[in-house]
Amino acid sequence: MISSGIIYTNQFDCLREGDVSFISWYGDKLWVIARDSVFYYQESEKQFHYLTTLEEEISPVTAMYVGDDHTLWIATVENVWVVPLSFPEQRRKIGTIRNGQCFSLG
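Residues numbered from 1 in each chain as written. Predicted model: local features only at pLDDT ≥ 70, side-chain atom pairs only at ≥ 80, totals over all residues. Heavy atoms only, no water.

Caption draft 1: Seen up close, the overall build of the protein chain. What the protein chain contains, in helices and strands, is zero helices and 11 strands. For the protein chain, the sequential pattern of α-helices and β-strands runs β-β-β-β-β-β-β-β-β-β-β. Expressed as a percentage of the 106 residues in the protein chain, the buried residues total 36%. Pairs at least 24 residues apart make up 19% of the contacts formed inside the protein chain by residues separated by at least 6 positions. When the accessible surface of the protein chain is totalled, it reaches about 7100 Å², and 51% of it is carbon and sulfur. (Helix = DSSP H or I, 4+ residues; strand = E, 2+ residues; numbered from the N terminus. Buried < 20%, exposed > 50% of the residue type's maximum accessible area, 1.4 Å probe, protein only. Contact = heavy atoms within 4.5 Å. Areas by Shrake-Rupley, 256 points an atom, 1.4 Å probe, with all protein chains shown as cover.)

Caption draft 2: Examining the layout of surface pockets more closely. If you add up the space inside the second largest pocket, you get close to 160 Å³. Each residue belonging to the lining of the second largest pocket can be placed in one class, and the counts come to six nonpolar, two polar and two charged. (1 Å grid on protein atoms, 1.4 Å probe; cavity = no way out; pocket = protein on both sides within 12 Å on 5 of 7 lines; lining within 4 Å. Points joined across faces, edges and corners; volume = space filled by probe spheres on them. Nonpolar A, V, L, I, M, F, W, Y, C, P; charged D, E, K, R; others polar.)

Caption draft 3: Region of interest: the packing of aromatic side chains. According to the stated counting rule, one finds four aromatic pairs in the structure shown. The interplanar angle of 85° and the centroid separation of 6.5 Å between the aromatic rings of Tyr26 and Tyr65 together place this pair among those described as edge-to-face. With Tyr26 in strand β3 (residues 20-26) and Tyr65 in strand β7 (residues 61-66), this pair connects stretches of sequence that are 39 residues apart. With relative accessibility at 46%, the residue Tyr65 sits in the partly exposed group. One Lys or Arg, Lys29, reaches over the ring of Tyr40 and ends 5.6 Å from the middle of that ring. (Phe/Tyr/Trp six-rings, centres within 6.5 Å; stacked < 30°, edge-to-face > 60°. Lys NZ or Arg CZ within 6 Å of the ring centre and 35° of its normal.)

Caption draft 4: Summary view of the pattern of salt bridges. For the structure on display, the rule yields one salt bridge. The shortest N-O distance in the salt bridge between Lys29 and Asp28 comes to 3.4 Å. (Salt bridge = Lys/Arg side-chain N within 4 Å of Asp/Glu carboxyl O.)

Caption draft 5: Layout of the sheet that holds strand β4 (residues 29-34). Taking strand neighbours across the sheet as the criterion, the four strands line up as β3-β4-β5-β6 in an open arrangement whose pairing is antiparallel. One side of each edge strand has no neighbouring strand; the edge strands of this open sheet are β3 and β6 (47-53). Direction aside, neighbouring strands of the sheet carry axes that sit 20° apart on average. With six bridges joining them, β4 and strand β5 (residues 37-42) adopt antiparallel strand pairing. (Pairing = 2+ DSSP bridges. Axes fitted to C-alpha atoms, helices over the stretch in contact; angles between N-to-C directions.)

Caption draft 6: Structural detail: the environment of His70. One can find His70 in the loop between β7 and β8 (71-76). Classification of His70 as exposed rests on a relative accessible area of 53%. Spatially, the C-alpha atom of His70 lies 10.0 Å from that of Phe87, the residues being 17 residues apart in sequence. In contact with His70, other than residues within four places in its own chain, are Val83, Pro84, Leu85 and Ser86.

Listed below in structure tokens is the structure:
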């Protein structure tokens, strides 16, 4: 960017190359899903934090939501994951989506 004859440059942190599948802003955090890992950017600290790794490389993410109960919900074309933000190691797959038509729990 050039402003008043001064050239400004921006520097970006690269979390992972070539496999970022989802980016969204919820609350005060930027959420990033890269392959099988979940990260968030804390604006007040100006840095990324690793949250968790899911058990398998997830298929493309179609939606993500952070609930009022501090639970992260991740929907892919194949599964639905729940990640408690206070205890991300307790993440679990709660359902399966078959052929984009049928959702089943368990």
